[in-house]
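Descriptive analysis of the structure
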Amino acid sequence: MGDTGRLGSGAGASASGPGLVRRRRRRWVRIGAFGVAGVVIAAGGAGWAVYAKLSGNITPDEAAAAELARYEKERPTSLVKDARNILLIGSDSREGDDNARYGRDSGTERSDTTILLHLSAGRDSATAVSLPRDLMVELPGCRRPDGSRSVPRFTMFNQAFQVGGSACTIRTVEKLTDIRVDHHVVVDFHGFKEMVDAVDGVEVCLREPIDDRAAKLRLPAGRVTLDGEQALGYVRARKTLGDGSDTERMERQQRFLGALVNKVRSNDVLLNPVKLYPVLDAATSSLTTDPGLASLRGLYELVRGLRDIPMERVQFLTVPRESYAYDANRDQLVEPQAERLFERLRTDTPVAVAGDVPRGSAPLRPTDSRDGSYGDSYPGPIAKPVVTVSPPPTFRGNTAAEDTCE
């Protein structure tokens, strides 16, 4: 018994006994746990570093926020909770080495492209409305970059950005539409190219070959994948493509944006971290936004529901416009069609788009079938009204689901 007891106690302390095995196992478990924790901490640190870098890429537009706060009482109020209106501004700034190739830097910049993007409250549709840069509008008095203030005047829309930057552009749009702009995003030429290159180019369909020396663009007819430089030339070219009008240029931009949305929404990009990171890096590096969007969290909160919007519900159109009565090279709104569009956006009411609606014409209205009246042929003593839901009015435009080659 004693020997057995000593053997048992010795076995626990023996260099080759099972006790040592258990201690070694516990030690390796602890080392493994610390290793896993280290990996998690390292991954978390790397994740935080990536998050911080991407967030730091975005430039917050503090000056615009301060200017808009100054005129808060004059701004429209939001009518529908959770609906959002974002003003997308493409700047033609030549500042910076990469932008200088597109022209001389005069010290000013104008809005080369402006789009009012409406996101429905339920995030089941997105409607992007292009505003012509040559549209004649009432410009409010705005703060200039040097601190002085301009006087209100009637002039071209793209003058707003040149005079007072994004804040002046937002106030002009709100005055024109009576729609509250919740957020804004400004992107320049370089940022646009970087975003296209980050998704490995965007495919478009060209009905005819393009040879535009001014845009540095030479492309064959048919399906073509454009890189960033080519894409910039394609969306900016005006005189040598189509009828040379700014309206047709905007429609070309809308079709390109639809193709870009399709490319980014594809699984090849969103589900591939190797491809997704450069897209996020390019997108955030090219953006100047209101402070509410100037972080990955802010952008995520805005777009997290957009991935579920069907492509046919991502719509692009140009505000109903026609040649200005006193200058054929300028535009004016077609009324009451433009106000009808603005009202539906204000109230988050659906609109539809179609490519065969004549430019500047009234949107197609639902046929009045008199279904709400009492029917004379109803066999009962009193006919009950038939309740029907009228389809939304149709404006000239396209959707992200359309294939321009078909």
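Above this note sits the structure.
Because the structure is a prediction, the values reported are computed rather than measured.

**Some words on the environment of glutamate 322**
- Relative to the helices and strands, glutamate 322 is located in strand E14 (residues 321-324).
- In this structure glutamate 322 comes out as partly exposed when scored by relative accessible area, which is 33%.
- Spatially, the C-alpha atoms of glutamate 322 and leucine 333 are 6.3 Å apart, while their sequence positions differ by eleven residues.
- Ignoring any residue separated from it by four or fewer positions in sequence, one finds glutamate 322 in contact with Arg330, Asp331, Gln332, Leu333 and Val334.

**Side note on the environment of alanine 283**
- On the secondary structure map, alanine 283 appears in helix H9 (residues 273-285).
- On a C-alpha basis, the gap between alanine 283 and leucine 54 in space is 9.0 Å, while along the polypeptide they are 229 residues apart.

**Brief notes about the pairing of strand E7 (residues 183-187)**
- Among the five residues that make up E7, five are buried, leaving the element largely enclosed by the rest of the structure.
- Where burial is concerned, the two faces of E7 agree: the one with His183, Val185 and Val187 and the one with His184 and Val186 are both buried.
- Sheet topology places strand E2 (residues 84-91) next to E7; five bridges connect them, and they run parallel. Note that in E7 the partner of isoleucine 89 across the bridge is valine 186.
- Bridging between E7 and strand E12 (residues 288-289) involves two bridges; their strand directions are antiparallel. For valine 185, the partnering residue across the bridge sits in E12 and is threonine 289.

About the cut-offs
- Residues numbered from 1 in each chain as written.
- Predicted model: local features only at pLDDT ≥ 70, side-chain atom pairs only at ≥ 80, totals over all residues.
- Heavy atoms only, no water.
- Helix = DSSP H or I, 4+ residues; strand = E, 2+ residues; numbered from the N terminus.
- Buried < 20%, exposed > 50% of the residue type's maximum accessible area, 1.4 Å probe, protein only.
- Contact = heavy atoms within 4.5 Å.
- Pairing = 2+ DSSP bridges.

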